[in-house]
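Below, each chain spelled out in residue letters.
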Amino acid sequence: MSELKIAIQKNGRLSENSKKLLEECGIKFSNGISVLKTTARNFPVELLFLRDDDIPQYVEQQVADIGILGENVVFEKNKDVTVIEQLGFAQCRLSLAIPKEDKYEGLGYFMNKKIATSYPHILNSFLKKNKIIAEIEEISGSVEIAPGIGLANAVCDIVSSGSTLLTNGLHEVETILKSQAVIIGNKNLGPEKQEILNRLLFRIRAVKNAKENKYILLNTPESAITKICNILPGMKSPTIVPLVEKGWVSLHSVVKEDEFWERIDQLKAAGAEGILVIPIEKMIL
Ligand code: PRT
Ligand code: ZN
């Protein structure tokens, strides 16, 4: 039986989270001596360790069947691959930044300027779309120092906290794209590999759903049940278990992580007591 070949970043910001995600899906890897690839012990996948920049090309050429990398690199490389799933980690943005003492009144600032970047393709499309004529200076690393050493007037670079720009005397003026880690795939996977991929995606979604939700338990007087159920729609509808104390119940449900604090305030106001919030390990919808 063939294996699904998964390309992940060998060494960098995506490596740990990519491996962790597969491990959370219950996939165990043998610690082979090869630094290039390893096979899973309990699932038909093989891991290839590559530079992130090479992953789109290798997936296009089916050296790997799928790959995990940042959307920024997927768009920049512009290869014939499909984006299959967003993974939620390695969130960042590709932005334009200029010296902090410069006044900024819109994209016209960049007219006839020189912009340093490692993303010439994305930047070029962005400038074209906005009818800005500017020179693109392609550099492979330390883009943020370019204005300081007189190589360019501005930069187009990846930003996360913003502190790199700040320490280099730059300020962010435009966001070109928002990015996160994604799974890309070859467009011609055969039925056997597609079946393995479907099983893998089922597990990945269960892990993702679990992270995005919390299990919540609370005590409430029976009279407040309807009100509380409206605040907590849950997956289907909440579970209600009677308490020994008459007129009271324990109510169990699932709440989305990003709505969590807002819902808690509403629950307290509705009369809920003894609220417990528990992480969910896997969630199958
Ligand atoms: O060796 P290889 O080519 O595989 O790795 P790489 O050096 O090209 O990439 P790596 O490991 O640095 O990043 C991999 C991916 O992580 C990127 O393609 C993005 O999708 C994502 N990511 C998330 C980031 C950042 N956050 C990030 N902050 N990639 C880079 N940065 C850098 C940025 O270039 C800048 O220098 O961090 C600095 C900005 O960070 P803040 O927090 O100071 O704003
Ligand atoms: Zn890279």
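Scroll up a little and you will see the structure.
About the criteria used
Residues numbered from 1 in each chain as written. Chains lettered and ligands numbered in written order. Predicted model: local features only at pLDDT ≥ 70, side-chain atom pairs only at ≥ 80, totals over all residues. Heavy atoms only, no water. Buried < 20%, exposed > 50% of the residue type's maximum accessible area, 1.4 Å probe, protein only. Helix = DSSP H or I, 4+ residues; strand = E, 2+ residues; numbered from the N terminus. Arc of directions from axis to C-beta. Contact = heavy atoms within 4.5 Å. Donors = N, O, S within 2.8 Å, 3.2 Å for Na, K, Ca; no water. Tetrahedral: all angles 85-135°; square planar, octahedral: opposite > 155°, others 65-115°. Pairing = 2+ DSSP bridges. Near = heavy atom within 4 Å. Polar contact = N/O pair within 3.5 Å; in protein donor to acceptor, adjacent residues only side chain to side chain. Areas by Shrake-Rupley, 256 points an atom, 1.4 Å probe, with all protein chains shown as cover. Domains from an automatic or database assignment.

This next bit is on helix H1 (residues 15-24). Burial in H1 covers these residues: Ser-15, Ser-18, Leu-21 and Leu-22. The buried residues of H1 all sit within an arc of 135° when viewed along its axis, so they share a single face. Where the residues of H1 are buried, they touch strand E1 (4-9), strand E3 (45-50), strand E4 (66-70) and helix H6 (191-212). Positive backbone phi, approximately 85°, marks Gly-26, located one or two places after H1.

Attention now goes to the coordination of the zinc ion (ligand 2). Put simply, the ideal angle at a metal is 109.5 degrees for four donors in tetrahedral geometry and 90 or 180 degrees for six donors in octahedral geometry. Every protein donor of the zinc ion (ligand 2) is accounted for by Asp-52 (OD) and Asp-53 (OD), and the metal-donor separations fall at 2.0 to 2.1 Å. The site at the zinc ion (ligand 2) holds four donor atoms, and with the angles between them running 76 to 168°, its shape is irregular. Residue class for Asp-52 comes out buried when judged on its relative accessible area of 16%. On the accessibility criterion, Asp-53 (26% relative accessible area) is partly exposed.

Glancing now at the pairing of strand E7 (residues 114-117). When E7 meets strand E8 (residues 135-138), the two strands line up parallel, connected through four bridges. Among the inter-strand pairings, Thr-117 is bridged to a residue of E8, identified as Glu-138. Judged from the three bridges that link them, E7 and strand E9 (residues 154-159) form a sheet pairing that is parallel. Looking at the pairing, Ala-116 lines up with Val-155 of E9.

A few words now on the pairing of strand E13 (residues 239-242). Here is the key point about a regular strand: its side chains alternate between the two faces of the sheet. As paired strands, E13 and strand E14 (residues 248-256) are joined by four bridges and run antiparallel to one another. Bridge pairing in E14 links Pro-242 to Val-249. With antiparallel pairing between neighbouring strands as the criterion, E13 and E14 make up a hairpin whose turn holds five residues, including Gly-247 at a positive phi of roughly 85°.

For the rest of this paragraph, the subject is the site of ligand 1. Of all residues adjacent to ligand 1, which total 22 residues, the nearest are Asp-53, Asn-72, Ser-161, Gly-162 and Thr-164. Contact between ligand 1 and Arg-51: an oxygen atom at 2.8 Å from a side-chain N or O atom of the residue. Between an oxygen atom of ligand 1 and a side-chain N or O atom of Ser-161, the distance comes to 2.7 Å. When the free accessible area of ligand 1 is taken as 830 Å², the share hidden by the protein chains comes to 77%. For the shell around ligand 1, the elements supplying multiple residues, two or more each, are helix H3 (71-77), E9 and helix H5 (163-167). When residues in the shell around ligand 1 are grouped by element, the largest group, three residues, is from E9. Both of domain 1 (4-87 + 180-189) and domain 2 (92-179) provide at least three residues apiece to the shell around ligand 1.

Everything listed here is a matter of geometry and, on its own, says nothing about what the molecule does.
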